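In case you want the letters, here they are:
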Amino acid sequence: MRGAVIYAPRDVRFENLDDPEILQPTDAVIRTAVTCVCGSDLWPYRGLEPLGEAHPMGHEYVGFVEEVGSEVTSVEPGQFVVGSFATSDNTCANCRNGWQSNCLNREFMSTCQADYVRIPNAQGTLVATDEVPDEEFWPSLLAVSDVMGTGWYAALAAEVEPGSTAVVVGDGAVGLCGVIAAKELGAERIIAMSRHEPRQKLAREFGATDIITERGEEGVARVKDLTNGIGADAVLECVGTAQAMQQALHAARPGGNVGFVGVPHEVAVDGQELFFSHVGLRGGPAPVRRYLPDLIERVMTGRIDPGKVFDLVLPLEQVAEGYRAMDERRAIKTLLKP
């Protein structure tokens, strides 16, 4: 098969790779329908995470089941399936508590920018659609496998409630999906922090009521201006930088909550400051598997259309250009078609 391999910062190549095989009875192999480049893929691409040896890339996927291991009974060959970037058996104590992204048998996906993918823990990870969906739904179902599920978790972690005011820090795909989530959960006011006009437009389409272009403490001051000097009920931090985290914590009102889903890089939280702020803080890898049935239904019934975050569509063999476009902010998110 063919797939993306990263060798060094800004060096992604499309190569022939060994076909995936069933290695454990709990595995499945899928043929990728569509895949994509994630904003978190840019951390190693930009040299901000250690790379080690050359390795395949990609953790978002939807596709058709090709083969299943002997212990997999929940899906069968030919079905269209959606999974999560973090695999889970969906039976351990952590999974039963709703934290499938912390499954005791968790494996993080890392080979999905390819024609075929081996899915560990397939029994608990994959969710089949009722029938093969029309191709128009594939981008949104792909978004559900990570960015929509992650934006949903950010909103839940921030405790967005009907009638509340929510702030979304970050205008990438996760942040934009966070706007969708806040809207679906009933936020009355949704403040999106963005400096980029195309992303601002999409944020408003998804439900943002206000746009703030300032960052850092200037951005916090603008949030306070819009909330009678108090701050927001819920803040979704969808970036992962120190500045974004500080902005999120300072934008929340006393008693408010921050849900952080941006993978932290050089982020440090002052415990004493957090203590006296009365701001709640929860984050981590999103338990996407918990939300899959609900989000798939919302997509298939037309309630949400997170696939709109894909503003660049390329054949899989042009994956390197997909990375470049996102790195240079010429694209929000790149969809790849095998």
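Scope of this entry: the structure provided in the associated data block. The structure presented is a predicted model; accordingly, all values stated were derived computationally and were not measured.

Cut-offs applied
- Going along each chain's sequence as written, the residues are numbered from 1 onward.
- Where local features are concerned, this predicted model is filtered to residues with pLDDT of at least 70; where side-chain atom pairs are given and counted, the filter is 80 or more; whole-chain, interface and lining totals use all residues.
- Values shown for side chains rest on all heavy atoms present in the structure; no hydrogens or waters enter the calculation.
- Numbered from the N terminus, helices here are DSSP runs of H or I no shorter than four residues, and strands are runs of E no shorter than two.
- The span you would expect from a helix comes to 1.5 Å times its residue count less one.
- For the exposure calls, accessible area comes from a 1.4 Å probe over protein chains only, and a residue counts as buried if that area is under 20% of its type's maximum, exposed if over 50%, partly exposed in between.
- Contact criterion: two residues are considered in contact whenever any of their non-hydrogen atoms come within 4.5 Å of each other.
- In this description, strands pair whenever DSSP reports at least two bridges between them.
- Among the buried residues, those of types Ala, Val, Leu, Ile, Met, Phe, Trp, Tyr and Cys that are joined through side-chain atoms within 4.5 Å form a nonpolar core.
- Within this scheme the basic residues Lys and Arg register as positive and the acidic residues Asp and Glu register as negative, but His and the chain ends are omitted.
- We define a salt bridge as a contact between a side-chain nitrogen of Lys or Arg and a carboxyl oxygen of Asp or Glu at a distance within 4 Å.
- What qualifies as a polar contact is a pair of N or O atoms within 3.5 Å, subject to a donor-acceptor requirement within protein and to the restriction that residues adjacent in sequence count only when both atoms come from side chains.
- Here, two cysteine sulfur atoms that lie within 2.5 Å of each other are counted as a disulfide.

1. A closer look at helix α6 (residues 173-184)
With twelve residues, α6 should cover 16 Å at 1.5 Å per step; its first-to-last C-alpha distance of 17 Å lies within 8% of that length. Most of α6 sits out of view: ten of its twelve residues are buried. Listed as buried for α6 are Ala173, Val174, Gly175, Leu176, Cys177, Gly178, Val179, Ile180, Ala181 and Ala182. Contact partners of the buried residues in α6: α5 (147-157), β11 (165-169), β12 (189-193), α7 (197-206) and β14 (232-237). Gly186 sits one or two positions beyond α6 and adopts a positive phi of about 100 degrees.

2. Regarding the pairing of strand β1 (residues 2-8)
For β1 and strand β2 (residues 11-16), the ladder comprises six bridges, and the chain directions are antiparallel. Opposite Val5, over in β2, you have Arg13 as the bridge partner. Hairpin remark: β1 followed by β2, antiparallel, with two residues in the connecting loop; positive phi at Arg10, about 60 degrees.

3. Description of unusual backbone geometry
Backbone geometry places Asn121, a non-glycine residue, at a positive phi of 50 degrees. Summarising the element assignment, Asn121 is placed in the loop between β9 (116-119) and α3 (122-125). Of the residues examined, Asn121 reaches a relative accessible area of 12% and is grouped as buried. One non-glycine residue with positive phi stands out, namely Asn228, at about 55 degrees.

4. Observations concerning the sheet that holds strand β4 (residues 55-56)
Strand-to-strand pairing in sheets goes through backbone hydrogen bonds, with the strands running parallel or antiparallel. Taken in spatial order, the three strands of this open sheet run β2-β1-β4, and their pairing is antiparallel. Single-partner strands in this sheet number two, and they are β2 and β4. Sheet topology note: the β1/β4 ladder contains two bridges and is antiparallel. Among the inter-strand pairings, Ile6 is bridged to a residue of β4, identified as His55.

5. Considerations on the nonpolar core
In this structure, Met148 and Val160 are the most contacted members of the largest nonpolar core, which totals 59 residues. For this core, the element with the most residues is α6, which contributes eight residues. Setting aside its immediate chain neighbours within four residues, Met148 contacts Ala143, Cys177, Ile180, Ala181, Leu295, Ile304 and Pro306. By size, the runner-up hydrophobic cluster in this structure holds 17 residues, among which are Ile191, Val223, Leu249 and Ala252.

6. Some points on the side chain of Asp146
Relative to the assigned elements, Asp146 resides in the loop between α4 (138-144) and α5. Buried and without a salt bridge, Asp146 has Lys333 as its closest oppositely charged side chain, separated by 5.8 Å. Looking at Asp146, its side chain comes within polar contact range of the side chain of His59, at 3.1 Å. What Asp146 contacts, discounting residues up to four positions off in sequence, is Cys38, His59, Glu60, Phe85 and Val288.

7. Quick word on the state of the cysteines
Inspection of every chain in the model, using the stated rule, returns zero disulfides. Among the cysteines around Cys103, which has no disulfide bond, Cys95 carries the closest sulfur, lying 3.7 Å off. Its relative accessible area of 5% is what places Cys103 among the buried residues. We note that Cys238 lacks a disulfide partner, and the nearest cysteine sulfur, in Cys177, lies 9.3 Å from it. Residue Cys238 is classed as buried on the basis of its relative accessible area of 13%.

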